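# What the coordinates show
These are the residues of each chain, in order.
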Amino acid sequence: MSHDQNPAGRSRMDRRRFLTTAALGGATIVGATALGGIDADAAFAAPMPSLDPAISKSAFAEGRITAINGTVLEVAGSYGDQHLIQLTNATSVWKLRPTTAAEIKVGDGLYARGVDMPDGTIAADAVWVNIVNLFCEIQGIAKDRLHLTHGNSHAVVGRIVTETTTASYLGGALTSDLSRVRIGQSAQVLGAWRPEDDTIDIARVTVGH
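Residues numbered from 1 in each chain as written. Predicted model: local features only at pLDDT ≥ 70, side-chain atom pairs only at ≥ 80, totals over all residues. Heavy atoms only, no water.

### Re the confidence of the model for the protein chain
Put simply, the rule is: Confidence of the prediction at every residue is given by pLDDT, a number between 0 and 100. Note on definitions: a residue-residue contact is assigned when non-hydrogen atoms from the two residues lie within 4.5 Å.
Per-residue confidence for the protein chain gives a mean pLDDT of 83; residues scoring 70 or more make up 78%. Counting contacts from residues 1-32, a segment whose pLDDT is below 50, to residues more than four positions away or on other chains yields 51 contacts.

### Thoughts on unusual backbone geometry
Note the threshold: Only DSSP runs of H or I with at least four residues qualify as helices, and only runs of E with at least two residues qualify as strands; both kinds are numbered from the N terminus onward. Each residue is placed in one exposure class: buried if its accessible area under a 1.4 Å probe, protein chains only, is under 20% of its type's maximum, exposed if it is over 50%, and partly exposed if it falls in between.
A positive phi angle is found at Asn130, which is not glycine, with a value near 60 degrees. Mapped onto the elements of the fold, Asn130 is located in the loop between β7 (122-129) and β8 (131-142). Taking the relative accessible area as the measure of exposure, Asn130 reaches 4% and is therefore buried. Although it is not a glycine, Glu163 sits at a positive phi angle of roughly 70 degrees. Within the secondary structure, Glu163 is located in the loop between β10 (154-160) and β11 (166-169). Glu163 gets classed as exposed once you look at its relative accessible area, which sits at 82%.

### Description of the pairing of strand β3 (residues 82-86)
This is how the line gets drawn: Note: two strands are recorded as paired if DSSP finds a minimum of 2 bridges between them.
In this structure, strand β2 (residues 72-76) lies alongside β3, joined through five bridges in antiparallel fashion. Following the sheet pairing, Glu74 is matched in β3 by Leu84. Following β2, the chain reverses through five residues before pairing antiparallel with β3; Gly80 in that reversal takes a positive phi of roughly 90 degrees. Sheet analysis places β3 next to β7, joined by two bridges and oriented parallel. Of the residues in β7, the one forming a bridge with Gln86 is Ala123.

### Quick notes on the packing of aromatic side chains
Stated precisely, the cut-off is as follows: Here the aromatic set is Phe, Tyr and Trp, taking the six-membered ring for Trp, and pairing holds for ring centres within 6.5 Å; pairs whose planes are under 30 degrees apart are stacked, those over 60 apart are edge-to-face, and all others are tilted. Charge over a ring is defined by NZ of Lys or CZ of Arg lying within 6 Å of the ring centre and within 35 degrees of the ring normal.
Evaluation of the coordinates by the stated rule reveals two aromatic pairs. Taking the centre distance of 6.1 Å and the plane angle of 35 degrees together, the rings of Phe60 and Tyr111 count as tilted. Residue Phe60 is found in strand β1 (residues 59-69), and its partner Tyr111 is found in strand β6 (residues 109-116); the two are separated by 51 residues along the sequence. Ring centres of Tyr111 and Trp128 lie 5.7 Å apart, and the angle between their planes is 40 degrees; this geometry places the pair in the tilted category. Pair noted here: Tyr111 is in strand β6 and Trp128 is in strand β7, with a separation of 17 residues, a long-range link. Overall, Trp128 belongs to the buried group, its relative accessible area being 1%. Lying across the ring of Tyr169, Arg180 places its NZ or CZ 3.9 Å from the centre.

### Quick look at the pairing of β7
Burial runs high along β7: eight of the eight residues are buried. As paired strands, strand β4 (residues 92-95) and β7 are joined by three bridges and run parallel to one another. By the bridge assignment, Trp94 is partnered in β7 with Trp128. In this sheet, β7 lies alongside β6 in antiparallel orientation, the contact comprising seven bridges. Paired with Gly114 across the bridge in β7 is Ala124. Two successive antiparallel strands, β6 and β7, enclose a turn made up of five residues, where Gly120 displays a positive phi of approximately 95 degrees.

### Re the environment of Val156
Within the secondary structure, Val156 sits in strand β10. Residue classification places Val156 among the buried positions, given a relative accessible area of 10%. Taking the C-alpha atoms as reference points, Val156 and Leu146, 10 residues apart in sequence, are found 8.4 Å from one another. Setting aside residues no more than four positions away along its own chain, Val156 makes contact with Leu146, His147, Leu148, His150 and Ile200.

### Remarks on the pattern of salt bridges
Where we set the bar: The salt bridge criterion pairs a side-chain nitrogen of Lys or Arg with a carboxyl oxygen of Asp or Glu, the two atoms within 4 Å.
For the structure on display, the rule yields eight salt bridges. As a salt-bridge pair, Asp197 and Arg159 come within 2.9 Å of each other at their nearest N and O atoms. In this pair, Asp197 sits in the loop between β12 (186-194) and β13 (199-207) while Arg159 sits in strand β10, placing the two residues 38 residues apart along the sequence. Note on Asp197: relative accessible area 30%, which makes it partly exposed. The class for Arg159 is partly exposed, based on a relative accessible area of 22%. A cluster of three or more residues bridged by salt bridges with shared partners is formed by Arg159, Arg194, Glu196, Asp197 and Asp201.

Okay, structure coming up:
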């Protein structure tokens, strides 16, 4: 057998070795489209089968970031578990909008999707920072914020962010025009939690859905 030949079984092993080496070395490991979408809605979508035959399933983690060591995020999960999230140059980062790893801070909440690595880390293809998805009622409207209630009448302030916040009416296209948002409407709010003041920066408000 020549050195140019590559049996199928060995191909799978070599691909896994490449993924591991690349994750630890910071190289591109896998495109996000192999594991699912990278927009904000993808954080709440049902897991999809990997399109990469070398990856049997996606890995997921959530929790609060307790430390950042270079490109590794230490995350305390909501149920007492601990995660190490390895960022690479293929990692997509969402924090109210698509952004970079430089915007990730200790204390932020995180939801991550990626690939389990042999060293115990998760090589992330996408992370969503402080993302929230609330079904609520609009109680008040101001120039730069919406006053919301959700759950058992829990009050939340949603901040309207210039050039970022959009609205969708009756399932229509997104628009920056919020003039049709009304007090008393039921709404779905997708946005980013602000740990410093417990408010939400609104990415999208959907009414009439």
